Amino acid sequence: LIGVYTNRHGERWELQLKGSGKTPYSRNGDGRAVLRSSVREFLCSEAMHYLGIPTSRAASLVVSDDDVWRDQFYNGNIKKERGAIVLRLAKSWFRIGSLEILAHSGELDLQRRLLDFLIQEHFPSIAMNDSNRYLEFFSTVVSETANLIALWMSVGFAHGVCNTDNFSLLSITIDYGPFGFMDSYDPNFVPNTSDDERRYKIGNQANVGLFNLSKLLQALKPLLDPRQKQLASQILEGYGERYYIRFTELFKTKLGLLGENEDDNYLIAFLLKVSLFC
């Protein structure tokens, strides 16, 4: 993260370099990025924006003189590739993992400060003096995450690595790694060649979203009283219904279906099944 930029419209964007080198969170990686993946991130994040899907943006791409060694297909065939750096933007780069790691290490005061900062900066509908502000925050993240994954599904987008560190607390698409778009409908589509267990197949994205939100709730629980914990669990239980409603709305729009009809959901499911065998 290199700073915050306020544009002429008063919008604040956090500027981040991807591929510029090691950070404290590199997990033994070299912190570099290759040209092919950098171009893909640049193009896809901009495409997603113009498709109307919440996402980080790409501002520039610079080719590096550094050689980067990568095993592209994870088959032991390591090759030298050209490096690159992407300057990317988001309203915030904080993720579910940002709160998860603080809760895990018992840094509750820091976690509370981070939550209050996020609410004050990015959740204007939540009052800072509201004793239920963390509960309201969780409710918003649950709802918006369901909306985001439904939008992904509406364009056949598979993220590829849907762990808690790649799920934004602002419910935007971030960290374009081994993503992919389906050419034809296949719920088992996996764009990540290293995902041998097919955990992040496109048909499982909604379930993985629920898993990540449950990890968020687990991280928040030390800051909630018993009543709030119970309400938060009920909010999480409503995630599936929220996702299903939004998914149905998007596919009805695609099909030009107006009004409400009990056969709409059957038609959507039928057409997806038919396209699976086409």
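Per chain, residues are indexed from 1 in the order of the written sequence. At least 70 in pLDDT is required for a residue's local features to be given in this predicted model, at least 80 for side-chain atom pairs to be given and counted, and no such filter applies to totals for whole chains, interfaces and linings, which use all residues. Neither water nor hydrogens contribute to the side-chain values; these are computed over all heavy atoms in the structure.

The name an unreviewed UniProt entry assigns to the protein is Selenoprotein O, from the organism Charadrius vociferus. UniProt lists a comment for the protein under the heading Sequence similarities (unreviewed entry), and it reads "Belongs to the SELO family." UniProt positions are given in the numbering used here, feature names are shortened, and annotations may be inferred rather than shown by experiment. For the record of the protein, the UniProt heading Cofactor (unreviewed entry) holds the text "Mg(2+)".

Draft legend 1. Broad picture of the pairing of strand S1 (residues 3-6). Strands are labelled as partners when DSSP assigns at least two bridges between them. In DSSP terms, a helix is any run of H or I states spanning at least four residues, a strand is any run of E spanning at least two, and both are numbered starting from the N terminus. Looking at chain direction, S1 and strand S2 (residues 12-18) are connected through 4 bridges and run antiparallel. Paired with Tyr5 across the strands is Trp13, a residue of S2.

Draft legend 2. Region of the structure containing the packing of helix H3 (residues 108-122) against helix H4 (residues 133-154). An axis is simply a line fitted to the C-alpha atoms; with a helix, the fit covers only the stretch in contact. Between two such axes, the angle follows the N-to-C directions and lies from 0 to 180 degrees. With their axes 11 Å apart at the nearest point, H3 and H4 run at an angle of 65° to one another. With respect to the hand of their crossing, H3 and H4 are arranged in left-handed fashion. In contact with Arg112, Leu115, Asp116 and Ile119 of H3, H4 contributes Arg133, Tyr134 and Phe137. In this classification, Asp, Glu, Lys and Arg are treated as charged, Ala, Val, Leu, Ile, Met, Phe, Trp, Tyr, Cys and Pro as nonpolar, and every other residue, Gly included, as polar. Residue composition of the contact of H3 with H4, grouped by class: 4 nonpolar, no polar and 3 charged. Crossings are assigned a handedness: left-handed for a near helix turned anticlockwise from the far helix by less than a right angle, right-handed for a clockwise turn. In what follows, a contact means two residues having at least one pair of non-hydrogen atoms within 4.5 Å.

Draft legend 3. Quick look at the pattern of salt bridges. Within this document, salt bridges are pairs made up of a side-chain nitrogen of Lys or Arg and a carboxyl oxygen of Asp or Glu, the two lying within 4 Å of each other. Inspection of every chain in the model, using the stated rule, returns 16 salt bridges. For Asp30, the salt bridge is made with Arg70, and the minimal N-O distance between the two is 2.9 Å. You can see Asp30 sitting in the loop between S2 and helix H1 (35-50) and its partner Arg70 sitting in strand S3 (residues 57-70), a full 40 residues away along the chain. Only protein chains enter the accessibility calculation, which uses a 1.4 Å probe; a residue is then buried when its area is under 20% of its type maximum, exposed when over 50%, and partly exposed in between. For Arg70, a relative accessible area of 24% corresponds to the partly exposed category. The salt bridge involving Arg32 is made with Asp66; its shortest N-O contact spans 3.5 Å. A residue pair is termed long-range when its members are at least 10 positions apart, and Arg32 in the loop between S2 and H1 and Asp66 in strand S3 qualify at 34 residues. Judged by its relative accessible area of 33%, Arg32 falls in the partly exposed class.

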